[in-house]
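Each chain, letter by letter, is given below.
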Amino acid sequence: MTAAIRKLRSNPHFLFVHLPHILSFLCVLAGVGWLLLLPLNDYSRRTYISENALLPGQVHAYFSGSEQNIFRGYREELEGLLPNGAPGEGPERNDIELTPEISGKIQSVLRASGLKVATQKYEYTSAGITHQGENVYAIIQAPRGDATEAIVLVTAWKTADGELNLNGVTLALTLARYFKRWSLWSKDIIFLITPDSKSGTQAWIDAYHDMQPPSVQPLPLKSGALQGGLVVEYPFDHRFESLHIVYDGVNGQLPNLDLINTAVSIAGGQMGIGANLQEMWDHNDSYEARLQTILRGMAKQGFGYATGAHSSFMPYHIDAITLQTKGNGWQDEMALGRTVESLCRSLNNLLEHLHQSFFFYLLMQTNRFVSIGTYLPSAMLIAGNFTIMAIALWLRTGYYMGSKPKPSVKAGASQDEKKEQATSSQDKGKPEVTNMDQKSDTNSIIERQLALPLSFVVGLHLLGLIPLFIFNNLSHKYFTAATYTFIIADLVLPLLLAVLLTQGFAPKPQQYLLMKSFSLLLLGLFLSTLATLNFSLSLMIGLLCTPLSFVNRISPTTGAPIRYALAFIGLVLLNLLSPPVVLLGGCWYTGVSVETILTQAAFGWDVWGMWTQVVVWCVWWPAWMIGCALLGFSLV
């Protein structure tokens, strides 16, 4: 072993060039392999409830019998206000908005049940589209409480998928009347009915915490600190088969795992209703099904958008989930009402805010999960490969070999080769600087020239603010054209930067390596930090940026035809991984238009406070641009 180490130390070319590439490649393989191990039983755990006070399913739910007649009566009253009664189900039914007449009827029903009722108007403008409406909410004051804590029950007139949630709103009105008659509540219960699942809930929760923009009215009526939230979606008239639990929040935030476990325990254990996660309707608990559930959850977490009305509560550390009815079975609105009642009874038992269970997890089944301590190394290994390469490049630029005679210019050498040899042999009288491709018996230290590489890397990261501003402020009509324009700009800009820097500053070989070192160091730093906040986004960006660890400027000593061919192929492959091209590929795969995706992203930036775009344009895009520019230097 000692002899092998001495041999490696005497071979700086292997230590500084080959070994970092090998370690980086192994880190990427280990990160992906670690992720693929997570669905196994040895790397995951069964879910359990940490907060004993919740006592899920330990009380009898009485919502049944005569309450069904109340439900049908309320539904008939609301259906009578729809255009032509809007019978049946279909796209035309989903186009019905929450009109002032319907809103007034909802308020009168809530007042007749003995609740305090208030309204709130709001308006948002994003990507040239105006979102406005009026929220209706009512409060049941806890007979056994002091108005310091509250639970929120949300039903949007339109579900997260844009369907008319008539049965969901009717069920909320029925539950409000039913809950008002009980004297066991120790927390206030707030019933919130919003026009949609995107903007209405966000306007209400912002105003509840006095954080609303000027276009949103303040709330005339408030209660205490919100301890939890439930969103109910029942968009069809027939009976349902199972409940789909949606829990993903904005920027990858998740509710306390105890809330999801409580919902699963009540639905499956007490009510006999099946529960699903991540649209996995036929989960057979196999390795493939577990992995697919994890990847679907990671995709939603990585994109960072709101998956329902519950997502708006996450930034305020309020745990909330959405219950969606799915399938065609024998469960009716009374079964859903009893489930909501039992969930509210469990939350009513809480003595303090949910905190004992996990806030960072990956669910692979309703009864199995992976905690952050198990899955985090996957993203850290991938982010670490950039740091390893950056440190190796930094060390590589700090040494030069012993003095050698000035190399003669080979006959027939190209102009680029003559220029490279002349530049590398003159450094204010210092010995020749090499890039560790030659052997020598003496190694010395060389001063690093940092000004140009630092300015180049920092300048490109600041340049990312331009597309960030454009795609968050452009009208939705121009998103598609802007995307294709940026693809063309991404083809030209690296070459333009290479020409400007070569002609204006004549960078030395050391400075090319420093540019890559600083870029990869920042990339590794950002992704390592991001992994603790949004594991999925860090992992996705890290995998897309992996080729940047192995891309470098091709030495001018390489023959011109080969150098140009390698640089051209490298640029083509890297451009397939640019942010706009990846966006187009994702839209083609999912069948969703570019305009829809970017409109949703702009809305998330303006309303939800989503910062996925910051990572894309100020972290991923600058690192990608520097990688392309290094290949561009090989062509000029």
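The structure presented is a predicted model; accordingly, all values stated were derived computationally and were not measured. (Residues numbered from 1 in each chain as written. Predicted model: local features only at pLDDT ≥ 70, side-chain atom pairs only at ≥ 80, totals over all residues. Heavy atoms only, no water.)

Engineer: Tell me what's going on with the overall build of the chain, and back it up with residues and numbers.
Structural biologist: On a plain count of helices and strands, the chain comes out with 21 helices and 13 strands. Considering the chain as a whole, with its 636 residues, one finds that 53% of them fall into the buried category. Contacts in the chain between residues at least 24 apart in sequence constitute 83% of all its contacts with a sequence separation of at least 6. Accessible surface computed for the chain: about 27200 Å², of which carbon and sulfur atoms make up 60%. (Helix = DSSP H or I, 4+ residues; strand = E, 2+ residues; numbered from the N terminus. Buried < 20%, exposed > 50% of the residue type's maximum accessible area, 1.4 Å probe, protein only. Contact = heavy atoms within 4.5 Å. Areas by Shrake-Rupley, 256 points an atom, 1.4 Å probe, with all protein chains shown as cover.)

Engineer: Could you give an account of the environment of valine 136, with specific residues and numbers?
Structural biologist: Mapped onto the secondary structure, valine 136 falls in strand E3 (residues 129–140). Classification of valine 136 by relative accessible area gives buried; the value is 1%. Sequence-wise, valine 136 and serine 103 are 33 residues apart; in three dimensions their C-alpha atoms are separated by 7.2 Å. With residues near it in sequence (within four places) discarded, valine 136 still touches Ser103, Ile106, Gln107, Leu110, Val117, Ala118, Thr119, Phe191, Leu192 and Ile193.

Engineer: I'd like to hear about the packing of helix H11 (residues 372–396) against helix H17 (residues 535–545), residue by residue, with values.
Structural biologist: Viewed as axis vectors pointing N to C, H11 and H17 meet at an angle of 35°, and their least axial separation amounts to 9 Å. Crossing angle aside, the handedness with which H11 passes H17 is left-handed. Where H11 approaches H17, its residues Tyr375, Leu376, Ser378, Ala379, Ile382 and Phe386 are matched on the opposing element by Phe535, Ser538, Leu539, Gly542, Leu543 and Cys545. When its residues are assigned to classes, the contact of H11 with H17 shows nine nonpolar, three polar and no charged. (Axes fitted to C-alpha atoms, helices over the stretch in contact; angles between N-to-C directions. Left-handed = near helix turned anticlockwise from the far one by under 90°. Nonpolar A, V, L, I, M, F, W, Y, C, P; charged D, E, K, R; others polar.)

Engineer: Describe the sheet that holds strand E6 (residues 225–233), and please don't skip the residues or the numbers.
Structural biologist: Strand order in the open sheet formed by eight strands is E2-E3-E5-E4-E6-E9-E7-E8, with mixed pairing between adjacent strands. Of all the strands in the sheet, the pair left with one neighbour each is strand E2 (116–126) and strand E8 (274–277). Direction aside, the axes of adjacent strands within the sheet are offset by 25° on average. The pairing of strand E7 (residues 240–246) with E8 spans four bridges and is classified as parallel. When the sheet's bridge partners are listed, isoleucine 245 is paired in E8 with leucine 277. Sheet strands in contact with helix H5 (residues 100–112) are E2, E3 and strand E5 (188–194), and its direction is about 10° off that of E3. (Pairing = 2+ DSSP bridges.)

Engineer: Just give me the short version of the pairing of strand E10 (residues 361–365), but keep the residues and values in it.
Structural biologist: Counting buried positions along E10 gives five out of five residues, so the element sits mostly inside the fold. Hairpin geometry of E10 and strand E11 (residues 368–371) is characterised by an intervening segment of two residues between the two adjacent antiparallel strands.

Engineer: Requested: an account of the confidence of the model for the chain, with residues and values cited.
Structural biologist: The pLDDT averaged across the chain works out to 88; a share of 89% of its residues lies at or above 70. In the predicted structure, residues 401–442 sits below a pLDDT of 50 and forms 58 contacts with residues beyond four places in sequence or in another chain. (pLDDT = per-residue confidence, 0-100.)

Engineer: Run through the side chain of threonine 366, naming residues and quoting values.
Structural biologist: Within the secondary structure layout, threonine 366 lies in the loop between E10 and E11. Setting aside residues up to four positions removed in sequence, threonine 366 forms contacts with Thr47, Val264, Ala275, Asn276 and Leu277.

Engineer: Tell me about the packing of aromatic side chains, and name the residues and values.
Structural biologist: Summed over the entire model, instances satisfying the criterion amount to 23 aromatic pairs. Consider the rings of phenylalanine 63 and tyrosine 178, whose centres lie 5.2 Å apart with planes at 75°: the pair is edge-to-face. On the criterion of sequence distance, the pair formed by phenylalanine 63 in the loop between strand E1 (45–46) and helix H3 (66–79) and tyrosine 178 in helix H6 (residues 166–180) is long-range, its members being 115 residues apart. You'll find phenylalanine 63 and tyrosine 178 in the same group, each marked buried. On the numbers, 5.7 Å between centres and 80° between planes, the contact of tyrosine 234 with phenylalanine 240 is edge-to-face. You can call tyrosine 234 buried: its relative accessible area is 0%. For phenylalanine 240, a relative accessible area of 0% translates into the label buried. Aromatic ring contacts, followed pair by pair, group Tyr62, Phe63, Tyr178, Phe179, Trp182, Trp185 and Phe191 into a single cluster. For lysine 198, the ring lying beneath its charged end belongs to phenylalanine 603, and the centroid distance is 4.5 Å. In this arrangement the basic side chain of arginine 448 is found over the ring face of tryptophan 394, its NZ or CZ atom lying 3.8 Å from the centre. (Phe/Tyr/Trp six-rings, centres within 6.5 Å; stacked < 30°, edge-to-face > 60°. Lys NZ or Arg CZ within 6 Å of the ring centre and 35° of its normal.)

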